[in-house]
Amino acid sequence: MSIKITILGAGPGGYIGAIRAAQLGARVTVIEDDRLGGTCLNWGCIPTKTIRATAEALETARRFSEFGLVHDGTVKPDMKAVMARKNKIVDTLVLGIQKTFDHYNIELIEGMGSVLEPGRVRVEKKDGKTVDVTGDKLILAPGSKTRKVKDFDFDRQRILTSDQALTLDEIPEELVIIGGGVVGSEFGFIFNELGARVMIVEAMDRVVGLPSVDPDSSKILQREMKKRKIKLFLNKVVMRTENLGGGKTRLILGPSPFLKKIGPKDKKEIVIKADKVLVTVGRDSKNRGIGLKRLGLELDSEGWIRANEKMETNIPDVYAIGDALGPEKVMLAHAASAEAMIAVENALGGHRVMNYDCVPIGIFTSPEIAGVGITEAQAEKRGYEYRSDTFLMRGLGKSQAIGRIAGQTKIISDVKTRKIYGVHIIGSHASDLIAEATLALKLGATTEELASTIHVHPTLSEAMAETAYAALDIPFHPKAGL
Ligand code: FAD
């Protein structure tokens, strides 16, 4: 008799895990309270990138004359049509998962799951009925939800979560985004391009200030924000908000508690106004109230599940993956899917471990940011003897031809062995370009191997080879783009 696996949650963690388990011959039941695809497909990766595609098309349209094109009419977004397109794309992809589930005979039970014991999950179905699902192995993939900090009155009208921003059918005139992290910055560029006056309030001293993001990338992105008239308030937090009536909000900004020293200039309050306030200050766990405490599962103080690199929890036969592990791991869709495959294969007798050093990140701002491996600060901390080499995107023929010249590539490599430790890219299609770097890191490649890999000309991928040549002290276009 084959092993029976129960998976709680059908995001990119849960549904990929389910397919992999079925491929390996397990009998699989997935419990999902909302729609297949989870946050990523319904409220994250796909809806944002679909709306972003509209913003990019609009940007290209605005630059028609630069490309020698004449157009006589106006081009402007119709948000109802934009949202309809987004919904259609999401529906198509949800259906695609459903069909794959059917193909692999994966059982889907729609409802809220709560763990009774490692081998038994109770599901409260949408029709009010209850069913108990039993299995040999349990994989927890409940994901995360928008963080609703107490200081804000989330009324769906003036003050919104990222979920709610993805259903706006009008572009706000003035949009204030609280939190200049990945999600906030992505929304900032999208709504700026669609015509809103965007302001971003960020408590740290840089945008997208994750430890894995190269500080140069933040700096270049901030420069691009300025060029596009996205107003940025760094080292600031919202002290209070006032409802001005008529859908308007006043926000009073003060110094960030993260500031090491607060001077008189920092203390000065700044007052701004908004039609919509979008709060993107991180994600919260969905791990409470689903029986995990009863199970004796180890959670951290924020409620995120603790799992080792085999994706095992402290309870035998119970695995956990994806966003449910919190920011100590990597809260990205492809990380959840990778963890899912490892959890499933281990649940079926394998011995795989997750290599977090090789998880790439992608940030879909304009230009995009991507990275894999360590930053210079992390190399420093580890005591590595490293060098850091860069190449400006504007030096590439392809960048010039397509009119996307902002950005740079950076390779951090070992001085002696030339082994690549990290690659950080900001520029057009950075999230696609990082795939080569990810493979290079996974295979333990050197800058010599990267440089001697032939890249198609003219492509943006040549930036990788150019940077590798720089790391070998034989740059071919050292002055290009300066
Ligand atoms: P989720 O996708 O959150 O799925 C969990 C599922 O479990 C949900 O469907 C939920 O309904 C269900 N569930 C939870 N509890 C229960 C229960 N008790 N019973 C039944 N079902 C339950 N990542 C990227 O890699 N690239 C991007 O471009 C990107 N863009 C993003 C943009 C936004 C605005 C946001 C918010 C996130 C974005 N992310 C992106 C992050 C990405 O969405 C998450 O990392 C990913 O969805 C995590 O996958 P998961 O399977 O762990 O959880």
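Residues numbered from 1 in each chain as written. Predicted model: local features only at pLDDT ≥ 70, side-chain atom pairs only at ≥ 80, totals over all residues. Heavy atoms only, no water.

1. Section: the pattern of salt bridges
Point 1. Inspection of every chain in the model, using the stated rule, returns 34 salt bridges.
Point 2. The salt bridge partner of Arg240 is Glu242, with a shortest N-O separation of 3.7 Å.
Point 3. Residue class for Arg240 comes out partly exposed when judged on its relative accessible area of 40%.
Point 4. We classify Glu242 as partly exposed; its relative accessible area is 27%.
Point 5. Within this structure, Glu59, Arg62, Arg63, Glu66, Glu193, Arg228 and Arg404 form a network of salt bridges that share partners. (Salt bridge = Lys/Arg side-chain N within 4 Å of Asp/Glu carboxyl O. Buried < 20%, exposed > 50% of the residue type's maximum accessible area, 1.4 Å probe, protein only.)

2. Looking at the side chain of Ser399
Point 1. Take Ser399: it is sitting in helix α12 (residues 397-402).
Point 2. Since its relative accessible area comes to 0%, Ser399 is described here as buried.
Point 3. A distance of 2.8 Å separates a polar atom in the side chain of Ser399 from the backbone oxygen of Met393.
Point 4. Contacts of Ser399, omitting those with residues within four sequence positions, involve Met393, Arg404, Ile405 and Leu460. (Helix = DSSP H or I, 4+ residues; strand = E, 2+ residues; numbered from the N terminus. Polar contact = N/O pair within 3.5 Å; in protein donor to acceptor, adjacent residues only side chain to side chain. Contact = heavy atoms within 4.5 Å.)

3. Considering the site of the ligand
Point 1. Among the 38 residues in the neighbourhood of the ligand, the closest are listed as Glu32, Thr39, Lys49, Gly113 and Asp323.
Point 2. One nitrogen or oxygen atom from the main chain of Cys45 is found 3.5 Å from a nitrogen atom belonging to the ligand.
Point 3. Take Gly113: an N or O atom from its main chain is 2.8 Å from a nitrogen atom of the ligand.
Point 4. Protein coverage of the free-state accessible area of the ligand, which is 1,000 Å², stands at 95%.
Point 5. Put simply, the parts of the chain that give the shell around the ligand at least two residues each are β2 (27-32), α2 (38-43), α3 (45-62), β3 (107-117) and α10 (333-347).
Point 6. When grouped by side-chain class, the residues that make up the shell around the ligand number 17 nonpolar, 13 polar and eight charged. (Near = heavy atom within 4 Å. Areas by Shrake-Rupley, 256 points an atom, 1.4 Å probe, with all protein chains shown as cover. Nonpolar A, V, L, I, M, F, W, Y, C, P; charged D, E, K, R; others polar.)

4. Comments concerning the pairing of β2
Point 1. Extensive coverage of β2 is indicated by the burial of five of its six residues.
Point 2. By the bridge criterion, five bridges tie strand β1 (residues 4-8) to β2 in an arrangement that is parallel. Along β2, the bridge assignment pairs Leu8 with Ile31.
Point 3. Regarding the hand of the β-α-β motif, the stretch spanning β1, helix α1 (residues 14-23) and β2 is right-handed.
Point 4. In terms of strand pairing, β2 meets β3 through four bridges, oriented parallel. Residue pairing in the sheet places Glu32 in a bridge with Glu110 of β3. (Pairing = 2+ DSSP bridges. Right-handed = clockwise from strand over helix to strand, strands pointing away.)

5. Points about the packing of α1 against α10
Point 1. At a minimum axis distance of 8 Å, the contact between α1 and α10 shows a crossing angle of 35 degrees. Viewed along their axes, α1 and α10 form a crossing whose handedness is right-handed. Facing Ile16, Gly17, Arg20 and Ala21 of α1, the residues of α10 in contact are Ser337, Ala340, Met341, Val344 and Glu345.
Point 2. A per-class count over the contact of α1 with α10 returns five nonpolar, two polar and two charged. (Axes fitted to C-alpha atoms, helices over the stretch in contact; angles between N-to-C directions. Left-handed = near helix turned anticlockwise from the far one by under 90°.)

6. Comments concerning the pairing of strand β9 (residues 174-178)
Point 1. Most of β9 sits out of view: five of its five residues are buried.
Point 2. Both faces of β9 are covered, namely the face carrying Glu174, Val176 and Ile178 and the face carrying Leu175 and Ile177.
Point 3. With five bridges connecting them, β9 and strand β10 (residues 197-201) associate as parallel partners. Along β10, the bridge assignment pairs Ile178 with Val201.
Point 4. Running through helix α6 (residues 182-194), the crossover from β9 to the neighbouring parallel element β10 is right-handed.

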